[in-house]
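Coordinate analysis (summary)
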Amino acid sequence: MSHIDEKLRDHAAQISQKTLVELFAEEPQRVQAATFQVAGIYADLSKNHINTQTGELWTQWAAQAGVAEGIAAVVRGDNVNKGEHRPALHHALRAPAEGEFVVNGIDVNIEIRAARRRMQDFAERIRGGTWKGYRDEAISDVVHIGIGGSELGPRLLCEAFAHEADGPKIHFLATPDPVQLQHLMHTLNPATTLLIVASKSFGTEETLANADILRTWLRQHGGEAADNQMLAISANVDKAAAFGIAEERVLPFWDWVGGRFSLWSAIALPFILQNGYAAYEKLLAGAHEMDKHFQTAAIAQNLPAQLALLDAWYNHYFGINNRALILYAHSLAAFPQYLQQLDMESLGKRANRAGKPLDKPSGLIIWGGTGTESQHAFFQLIHQGQRRIPLDFITVKKAPQGLEKAAHIVHGHCLAQAEALMRGRDESDLQEIPEAERYQRTSPGNRPSSTLILDELSPQCLGALIALYEHKTTVLGILYDVNAYDQWGVELGKILAKGTEASLAGEIGAHHDASTAALLKHLKSS
Ligand code: F6P
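Since the model is a prediction, treat every value here as computed from it, not as a measurement. (Residues numbered from 1 in each chain as written. Predicted model: local features only at pLDDT ≥ 70, side-chain atom pairs only at ≥ 80, totals over all residues. Heavy atoms only, no water.)

According to the domain assignment, the protein consists of domain 1 (32-48 + 306-425 + 439-486), domain 2 (91-280) and domain 3 (489-524). Computed over C-alpha atoms only, the centres of domain 1 and domain 3 are separated by 38 Å. (Domains from an automatic or database assignment.)

Written out as C-alpha cells, the structure is:
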C-alpha cells in the first residue's frame with residue numbers, strides 16, 4: 001500500500017465517523033470551498049463526505065497518480081490510447097481550429113476546418129430544401145442510423161433542443177428492431193426521407209443491417225435515384241463506398257476521436273439539421289470554455305478533476321459501487337444513458353495501462369432518470385434502503401417566462417431531495433406517531449449528493465456539461481490507471497452473436513451451451 005493510499009484510507013475512516021450535518025457545523029466556509037462556477041454551470045459539492053483535509057489529500061493523490069501530466073498528454077495529442085496507438089483529440093473538435101495542430105504528422109485543424117465547411121454545406125442544402133428527394137421534393141424527415149457513440153450523443157442533443165427545432169424531423173434507429181423498422185416504413189414518406197448511416201468503423205452489424213433494410217425500402221419506391229437520399233458519417237470511406245455511398249456523400253470521422261467522444265464531429269449532423277449550424281457552434285463554444293478551465297485550473301479548483309476524485313474516493317475508500325444522475329430538466333432525459341456509455345465503456349476495465357490486473361475497483365455503475373418522476377419510482381430505496389448511493393442532481397436555472405410556478409416545483413423538489421437525503425429524520429421528529437410505527441418512517445440521512453445548476457437550457461451550457469463529464473472520465477482513467485479509450489469487453493458478445501444468428505437462420509450449432517440451445521429451440525419453434 002502506498003503512503004498516500006494509507007493516508008486516504010485513514011482519513012476516510014475518520015471522516016466516516018462524522019455525519020454530513022456535523023461536517024457542515026465544523027466548517028462554516030464549507031459551501032464556498034466546495035462550490036464552483038464554470039462555463040455557465042454552478043456546482044455545489046459540499047453535501048459530500050469531504051472536508052478541507054480531504055481536499056489536501058486529493059491534491060497529493062492526483063499528483064502521485066500523475067493527473068496533471070496525464071491531462072497535458074491528452075491536450076498535446078500524445079498516443080494516450082496506447083493499445084491502439086492513437087491520441088484522443090475530441091477537445092480539438094471544439095476549439096476554434098485556427099492555425100496548425102500537428103499530431104502524428106497530420107495537421108488535424110485542416111481536416112476539422114474542411115469537415116465543418118462540408119457539414120455546413122450539407123445542412124444548408126438539406127434545411128434549405130435544395131437537397132431533393134427522387135420526386136424533386138425537399139427533405140421532411142431524416143432517419144439517423146447508428147448505435148453507441150454514433151447515436152447517443154446526437155439523440156441527446158436532438159431531444160434537448162426539440163422544442164426549438166426548425167428543420168426536418170429526426171428519427172433515431174439504433175437496433176434492428178423489426179417493430180420499429182416496420183413503424184418507420186409505414187409512417188415515413190420515402191420520397192422525402194433522408195438516411196444518415198453513422199458508423200466510425202462502418203462495420204457495426206446492427207447499423208449496416210438497418211441501412212440495408214431502409215435502402216431497399218427507398219429503392220423499392222424511388223429506384224436507384226433514391227440513393228441520393230443516403231449519406232454516411234464514417235472514418236472508413238472505403239467500406240462506405242463498398243456499401244454504395246459515394247465519397248462525396250460521406251462526412252469524415254477520424255481514428256483520433258473515440259466513438260463515445262464523437263458528438264463534436266460530423267456525428268452531430270442530425271442536431272445541425274434539426275436546429276441549424278449556429279446552434280452547433282454554440283455547443284462547441286460551451287465545451288471549449290470547459291476545456292480551457294480543465295486545461296488551466298489547478299487540481300483543487302478544477303471542477304472535472306474534483307468530480308473525478310470524488311468518485312474514486314467513494315469507490316476506493318467507502319466501498320461505493322455506483323452513482324445516480326437525476327435530471328430535473330425533462331429535455332435532458334437522455335443524459336444518464338449518454339453518460340453510461342461515456343463512463344462505463346471508458347472505465348469498466350480490469351486491466352491497468354500496462355495490461356496487468358488492477359488491484360482496486362475501477363468504473364462505477366452509472367444510472368439515473370429524471371426528477372420528479374424518479375421520486376415516485378426508485379427514490380424509496382435511495383432514502384431508506386441499506387445502500388449509500390451518491391447522486392448528481394442536475395437542473396436548469398432559467399425557465400420560460402410565465403412558467404415560474406412550474407420551475408419552483410421542479411427546483412424545490414430537486415433541492416429538497418438533496419436536503420432530505422443529507423438530513424434524514426429520526427424518531428424524535430416523529431413523536432406524534434405511535435411508537436411502534438416510528439422506525440419504518442425514519443430515514444438514516446447522511447447520504448451524499450452534488451448539485452449542478454446550468455444557467456439555462458442552451459447549447460452552450462449543455463456543451464459545457466458534456467465536456468465536464470468527459471474530462472471527469474479522463475481524470476478517472478488516470479486515477480484508476482486504465483486506458484479510458486478502448487473497449488475490448490464488447491468484442492466477445494459480437495463474435496458469439498454470429499453463432500447464435502447462424503443457429504437461428506439454419507441448424508442449431510452443437511457448440512452452444514444447453515441453456516442457449518434450449519432458448520434457440522424455443523425461438524425457432526412454431
Ligand atoms: O461496440 C461498441 C462500439 O464500438 C462503441 O464504442 C461505438 O460507439 C459503437 O460500437 C458504434 O461503433 P461504430 O460507430 O463504429 O458503428
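As a further point, take the site of the ligand. By nearness alone, 13 residues border the ligand, and Gly149, Ser150, Ser199, Ser201 and Thr204 come closest of all. In the model, an oxygen atom of the ligand is placed 2.8 Å from a nitrogen or oxygen of the lysine 200 main chain. Residue lysine 494 places a side-chain N or O atom 2.9 Å away from an oxygen atom belonging to the ligand. Protein burial of the ligand: of its 400 Å² of free accessible surface, 86% is covered by the chains. (Near = heavy atom within 4 Å. Polar contact = N/O pair within 3.5 Å; in protein donor to acceptor, adjacent residues only side chain to side chain. Areas by Shrake-Rupley, 256 points an atom, 1.4 Å probe, with all protein chains shown as cover.)

Our next topic: the packing of helix H14 (residues 335-347) against helix H17 (residues 459-480). Relative orientation and spacing of two packed helices are given, respectively, by the angle between their axes and the distance between those axes. Close contact between H14 and H17 brings their axes to 10 Å; oriented N to C, the two are set at 20°. The orientation of H14 with respect to H17, classified from their angle, is roughly parallel. In terms of crossing hand, the pair formed by H14 and H17 is right-handed. For the pair formed by H14 and H17, the contact residues are Phe335, Tyr338, Leu339, Leu342, Asp343, Ser346 and Leu347 on the first element and Leu465, Ile466, Tyr469, Glu470, Thr473, Leu476, Gly477 and Tyr480 on the second. (Axes fitted to C-alpha atoms, helices over the stretch in contact; angles between N-to-C directions. Helix = DSSP H or I, 4+ residues; strand = E, 2+ residues; numbered from the N terminus. Parallel < 35°, antiparallel > 145°, perpendicular 65-115°, else oblique. Left-handed = near helix turned anticlockwise from the far one by under 90°. Contact = heavy atoms within 4.5 Å.)

On the surface, a nonpolar cluster with roughly 320 Å² of combined accessible area is contributed by Leu492, Ile495 and Leu496. Along the chain, leucine 496 turns up in helix H18 (residues 491-505). (Patch = residues over 30% accessible without salt bridge, like charges linked within 9 Å, V, L, I, M, F, W, Y side chains within 5 Å. Salt bridge = Lys/Arg side-chain N within 4 Å of Asp/Glu carboxyl O.)

According to UniProt, the feature "active site" (unreviewed entry) maps to Glu345, His376 and Lys494 in the numbering used here. These residues run over 150 residues, and the two farthest C-alpha atoms among them are 37.0 Å apart, placing them at more than one spot. Here the residues from the annotation list that line the largest pocket are Glu345 and Lys494. Turning to its location among the elements, glutamate 345 is positioned in helix H14. Among the residues examined, glutamate 345 registers a relative accessible area of 21% and is labelled partly exposed. Discounting chain neighbours no more than four positions away, the residues touching glutamate 345 are Arg260, Gln340, Asp486, Gln487 and Val490. Within the local environment of glutamate 345, its side chain forms a polar contact with the side chain of glutamine 341, the two groups lying 2.9 Å apart. Mapped onto the elements, histidine 376 comes out in the loop between strand E11 (365-370) and helix H15 (379-384). For histidine 376, a relative accessible area of 69% translates into the label exposed. (UniProt positions renumbered as here; feature names shortened; annotations may be inferred. 1 Å grid on protein atoms, 1.4 Å probe; cavity = no way out; pocket = protein on both sides within 12 Å on 5 of 7 lines; lining within 4 Å. Buried < 20%, exposed > 50% of the residue type's maximum accessible area, 1.4 Å probe, protein only.)

Turning our attention to the nonpolar core. Of all hydrophobic cores here, the largest spans 123 residues; its most connected members are Trp61, Trp313, Phe335, Leu465 and Tyr469. It is H17 that provides the largest number of residues to this core, a total of 13 residues. Both domains that meet at this core, namely domain 1 (32-48 + 306-425 + 439-486) and domain 2 (91-280), each give it at least three residues. Apart from residues no more than four positions distant in its own chain, tyrosine 469 is found in contact with Leu325, Phe335, Leu339, Leu342, Asp392, Ile394 and Leu452. By size, the runner-up hydrophobic cluster in this structure holds 20 residues, among which are Leu173, Ala211, Trp217 and Ala232. (Core = buried A, V, L, I, M, F, W, Y, C linked by side-chain atoms within 4.5 Å.)

Estimates place the volume of the largest pocket at around 1,100 Å³. Taken together, 37 residues make up the lining of the largest pocket; nearest its centre are Ser201, Thr204, Gln487, Val490 and Lys494. Sorting elements by how many residues they give to the lining of the largest pocket places H18 first, with four residues. Across the lining of the largest pocket, the residue classes tally to 12 nonpolar, 14 polar and 11 charged. (Points joined across faces, edges and corners; volume = space filled by probe spheres on them. Nonpolar A, V, L, I, M, F, W, Y, C, P; charged D, E, K, R; others polar.)

Here we take up the pattern of salt bridges. Scanning all chains against the criterion turns up 25 salt bridges. The shortest N-O distance in the salt bridge between arginine 30 and glutamate 27 comes to 3.5 Å. Across this residue pair, the class does not change: arginine 30 and glutamate 27 are buried. Where lysine 349 meets aspartate 486, a salt bridge forms, and the shortest distance between an N and an O atom there is 2.9 Å. Residue lysine 349 is found in the loop between H14 and E11, and its partner aspartate 486 is found in the loop between H17 and H18; the two are separated by 137 residues along the sequence. When its relative accessible area of 16% is taken as the criterion, lysine 349 is described as buried. Residue aspartate 486 is classed as buried on the basis of its relative accessible area, which comes to 10%. Each of Asp311, Arg323, Asp392 and Lys472 takes part in one network of salt bridges that share partners.

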